[in-house]
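# Summary of structural features
So the chains spell out like this:
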Amino acid sequence: MKDKGQEKKRRAFWQARLDDARRQYAEKRERMDRREDCYKGTRHIPAAGGGAAKAAGNVRNIIYELIESQVDASIPQPRVTAVHPEDRQLAKKIEAMLLAQIRQRNFKEMNDEQERTVPIQGGDFWHVEWDPEGGFHCQMGDLSVELRHPKQVIPQPGVYDLEKMDYLFVLVSQSRRALEKRYGVRLPEEGESDVAARTAAEEGAVEGLVTQNIAYYRNGAGGVGCFSWVGDVTLEDMEDYQSRRQWVCAGCGATVDPPRGGKAARCPVCGAKSARSEPVRVQALPRDVTLPGGEVLAAVSEGPAQPVVNPDGTLQRDEVTGEIILMPGEVQPTVVPAYSPGTYPLVLRRNVRLFGQLLGASDVDAVEDQQVAINKYGTKIQEKLLKGGSYVTLPQGVNIETTDRELKIIRLKNPADKALISVLNIQPDTSRDQQMLEVNYSWAKSTLGITDAFQGKYDASATSGTAKQFSANQSAGRLQSKREMKNQAYARLYKLMFQFMLAYADEPYPMTLRGADGTVEYAHFDRYEFLKRDAAGQLYWNDEFLFDVDPASNLAANRETLWTMIDQKYQAGAFGPLGETASLYRLWTLLAETGYPHAEAMKASVGQQLEKEQGGQAQESALPGKGGSAL
């Protein structure tokens with residue numbers, strides 16, 4: 001354990017770095033609040049020439065409309081390719097494990113939030129960690145995947161690639177009690193040091209919450225270190241954060257139990273009550289493991305035989321043969337190298353890449369001028385219409401009744417006053433204002449590449465269904481870059497999730513697989529299946545896989561379209577002759593695999609019918625004269 005003075009210096013060092021990085025990132029964080037306000041429909045209209053700003057009386061929120069038009073609820077499905085041919089089955093198991101994690105985690109909710117945050121701010125982050133308290137009943141830990149808003153991630157100034165940064169910061173608002181329970185410390189009674197990490201900066205701090213500052217940095221060995229603190233209390237200080245760790249006695253180095261309640265357990269060897277956490281470079285095998293080449297790696301092995309020594313120091317010998325008597329060697333556990341991901345636990349999803357910028361280009365920045373203009377024109381149109389109306393001219397001294405009754409009385413002094421009574425309808429001309437409003441709306445859509453056909457609106461330029469589809473496809477083509485950035489980000493996320501499972505998932509992780517016939521198979525992701533021996537005889541963890549996403553995942557997500565295509569293939573004879581039981585069985589097998597309702601029951605029924613037909617044909621072929629034998 002570090003002494004208090006050294007711990008205070010470390011905390012002051014990282015606090016100074018955070019203050020500097022946050023100061024240089026402050027303008028971008030303020031801009032993020034402005035973008036969020038634009039998406040929510042702010043009424044703030046900046047005045048030209050630095051004058052006083054005014055509030056819009058009528059807001060047509062085109063930023064909200066255009067961003068919502070791009071929302072894609074589908075989650076790209078993982079596709080893992082093996083680098084070595086013997087690892088193809090392992091690649092399938094990785095895919096199944098990732099699919100199980102997607103179903104178990106709230107990926108749909110996270111994707112829904114990201115679909116708004118990414119175009120608004122230009123990017124968003126996933127934060128992957130290992131939760132030692134998670135997992136099923138027979139598991140010790142599980143993955144933890146959470147979203148981090150760009151305001152919560154403070155990068156190293158001047159570096160625009162996560163993996164090239166020397167350090168970066170993650171600011172998270174946490175409950176004081178939760179942190180005290182997790183780390184066994186006492187936190188000061190103070191509020192959040194950075195409210196902007198949780199919400200808009202103008203909102204106040206919330207009682208019971210504190211800001212946890214997490215610094216990830218590259219250590220001297222190229223790994224990832226972590227320093228975490230709240231106020232003047234250090235929570236974590238680990239030079240090699242992603243390595244496995246164990247608690248050892250600070251005096252003799254013997255392994256001891258983890259501290260409880262902030263107090264270290266007494267060392268069973270020397271009796272000391274001080275302990276430290278240190279990284280583990282090797283770990284013992286929990287059970288026998290069969291390597292890919294067929295070699296069985298035993299969990300324990302017997303050491304070399306040792307000679308029996310007499311009390312006087314001489315070696316005992318057999319009285320008949322005179323050979324030295326040997327006793328079995330000490331049983332020792334087999335150790336293998338410990339795996340570490342070696343990358344920052346953050347994955348950035350960009351909107352569109354932009355040179356000299358960590359985040360991508362923001363859609364809000366691209367069309368904000370048009371939104372401001374539309375707010376002005378909308379307010380101007382409303383003011384004109386409200387100030388217009390009908391006016392009545394009356395002779396001097398003549399009053400008109402203003403009640404709601406149908407028959408009203410006007411008392412005139414003489415008949416000539418009747419000619420002086422008239423009504424003037426003052427209707428302002430708003431046609432030019434409305435025209436400019438629509439022009440700005442068209443500019444905004446053109447800037448982002450969104451057409452009426454893409455939004456599902458009436459498109460006068462599309463004279464047929466084919467033309468409308470072509471217009472929608474053209475708009476989708478302009479947005480292809482954003483989809484590619486989404487796919488690449490998910491591919492990096494899946495790779496990081498696999499690396500964390502390979503590093504920390506000691507117990508087999510249960511999952512389901514789909515067999516070739518569409519049936520469900522139950523299996524486990526066992527990280528020890530990825531243990532290999534190289535040509536030099538050294539053991540290593542096999543993480544040599546290529547991670548991508550399945551381009552057909554969007555079609556698979558739209559099951560109604562997929563089922564329609566399957567039906568068309570069946571009608572075209574792709575499954576065999578129409579009406580034959582074997583063709584029907586193939587059809588219902590594929591429908592069951594794609595989740596068609598009650599397809600499993602139909603598949604089983606058609607399968608039984610197919611077995612009966614095949615059994616009858618076998619009996620018929622066994623009869624004399626039918627190709628069989630009478631014997």
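How each quantity is defined
- The residue numbering used here restarts from 1 in each chain and proceeds along that chain's sequence as written.
- Local features in this predicted model are restricted to residues of pLDDT 70 or higher, and side-chain atom pairs are both shown and tallied only at a pLDDT of 80 or more, whereas totals for entire chains, interfaces and linings draw on every residue.
- Excluding hydrogens and water, the side-chain figures rest on all heavy atoms present in the structure.
- Strands qualify as paired when DSSP identifies two bridges or more between them.
- Strands are runs of DSSP state E lasting at least two residues, helices are runs of H or I lasting at least four, and both sets are numbered from the N terminus onward.
- Axis lines are fitted through C-alpha atoms, for helices just across the contact stretch, and the angle between N-to-C directions can take any value from 0 to 180 degrees.
- Only buried Ala, Val, Leu, Ile, Met, Phe, Trp, Tyr and Cys residues count toward a nonpolar core, and they belong to the same one when joined by side-chain atoms within 4.5 Å.
- Each residue gets one of three labels from its accessible area relative to the maximum for its type: buried under 20%, exposed over 50%, partly exposed in between, using a 1.4 Å probe on protein chains only.
- In this analysis, two residues are considered to be in contact whenever any of their non-hydrogen atoms come within 4.5 Å of each other.
- In what follows, roughly perpendicular refers to angles from 65 to 115 degrees, roughly parallel to angles under 35, roughly antiparallel to angles over 145, and oblique to any angle outside these ranges.
- What makes a crossing left-handed is the near helix being turned counterclockwise from the far one by less than a right angle; a clockwise turn instead makes it right-handed.
- Any Phe, Tyr or Trp ring, taking Trp's six-membered ring, that has another such ring centre within 6.5 Å forms a pair; planes under 30 degrees apart are called stacked, those over 60 apart edge-to-face, and the others tilted.
- We call a charge positioned above a ring when the Lys NZ or Arg CZ atom is no farther than 6 Å from the ring centre and deviates by at most 35 degrees from the ring normal.
- An expected span of 1.5 Å times one less than the residue number is assigned to each helix.

With that settled, the discussion passes to the sheet that holds strand β10 (residues 233–238). Sheet strands pair by backbone hydrogen bonding; their relative direction is either parallel or antiparallel. Ordered in space as β6-β7-β8-β9-β10, the five strands form an open sheet in which the pairing is antiparallel. Of all strands in the sheet, those with a lone pairing partner are β6 (153–155) and β10, marking the two edges. Strand-to-strand twist across the sheet, computed as the mean angle between neighbouring axes with direction ignored, equals 15°. As paired elements, strand β9 (residues 224–230) and β10 share five bridges and run antiparallel to each other.

To continue, consider the nonpolar core. Considering soluble globular proteins, one finds that nonpolar side chains tend to be buried as a cluster. Ile94, Phe107, Leu493, Tyr494, Phe498, Phe525 and Phe545 are the most contacted members of the largest nonpolar core, which has 53 residues in total. Here this core takes 13 residues from helix α10 (residues 480–504), the largest share from any one element. With near-sequence residues (within four places) excluded, Phe545 lies in contact with Val80, Thr81, Ala82, Val83, Asp87, Leu90, Ala91, Ile94, Phe498 and Phe530. With 31 residues, the next largest nonpolar core counts Ala21, Tyr25, Val224 and Leu348 among its residues.

It is worth spelling out the sheet that holds strand β5 (residues 142–148) at this point. Across the sheet, which stays open at both edges, the three strands sit in the order β5-β4-β21 with antiparallel pairing between neighbours. Sheet topology places β5 and β21 (346–350) at the edges, where each strand pairs with a single neighbour. Between one strand and the next, the sheet's axes are offset by a mean angle of 25°, whatever the strand orientation. Relative to β5, strand β4 (residues 123–131) runs antiparallel, the two sharing seven bridges. Its bridge partner lying in β5, Glu129 is registered against Ser144. Running over the sheet, helix α4 (residues 107–121) touches β4, β5 and β21 and is turned about 145° from β4. Packed on one face of the sheet, α10 meets β4, β5 and β21 and runs near 170° to β21.

Attention now moves to the pairing of strand β8 (residues 209–218). With respect to burial, β8 is a largely interior element, eight of its 10 residues being buried. Bridge analysis of strand β7 (residues 167–175) against β8 gives nine bridges, and the strand direction is antiparallel. Residue pairing for β8: Val172 is matched across the bridge by Gln212. By the bridge criterion, six bridges tie β8 to β9 in an arrangement that is antiparallel. Looking at β9, one finds that Ala215 is bridged to Phe227. From the end of β8 to the start of β9, which pair antiparallel, there are five residues, and Gly222 there has a positive phi angle of about 90°.

So, about the packing of α4 against α10. Between α4 and α10, whose axes approach to 14 Å, the crossing angle comes to 140°. For the element pair α4 / α10, the angle class is oblique. Between α4 and α10 lies a crossing of right-handed hand. For the pair formed by α4 and α10, the contact residues are Phe107, Asn111 and Glu115 on the first element and Lys486, Tyr490, Leu493 and Met497 on the second.

Here the focus is the packing of aromatic side chains. Centre-to-centre distance and the angle between the planes together describe a pair of aromatic rings. Enumeration according to the criterion identifies 23 aromatic pairs in this entry. Taken together, a centroid distance of 6.4 Å and an interplanar angle of 80° make the contact between Phe498 and Phe525 edge-to-face. In this pair, Phe498 sits in helix α10 while Phe525 sits in strand β25 (residues 520–525), placing the two residues 27 residues apart along the sequence. Take Phe498: its relative accessible area is 1%, and that puts it in the buried class. Phe525 sits in the buried class, given a relative accessible area of 1%. Members of the aromatic cluster, connected to one another through ring pairs, are Phe13, Trp14, Tyr167, Phe169 and Tyr217. Its guanidinium or amino end placed over the ring of Tyr528, Arg527 lies 4.8 Å from that ring's centre, counting from NZ or CZ.

Another point: helix α12 (residues 559–571). Taking 1.5 Å of rise per residue, 13 residues should cover 18 Å, and α12 covers 18 Å from first to last C-alpha, within 8% of that figure. Phi for Gly573, located one or two positions after α12, is positive at around 90°.

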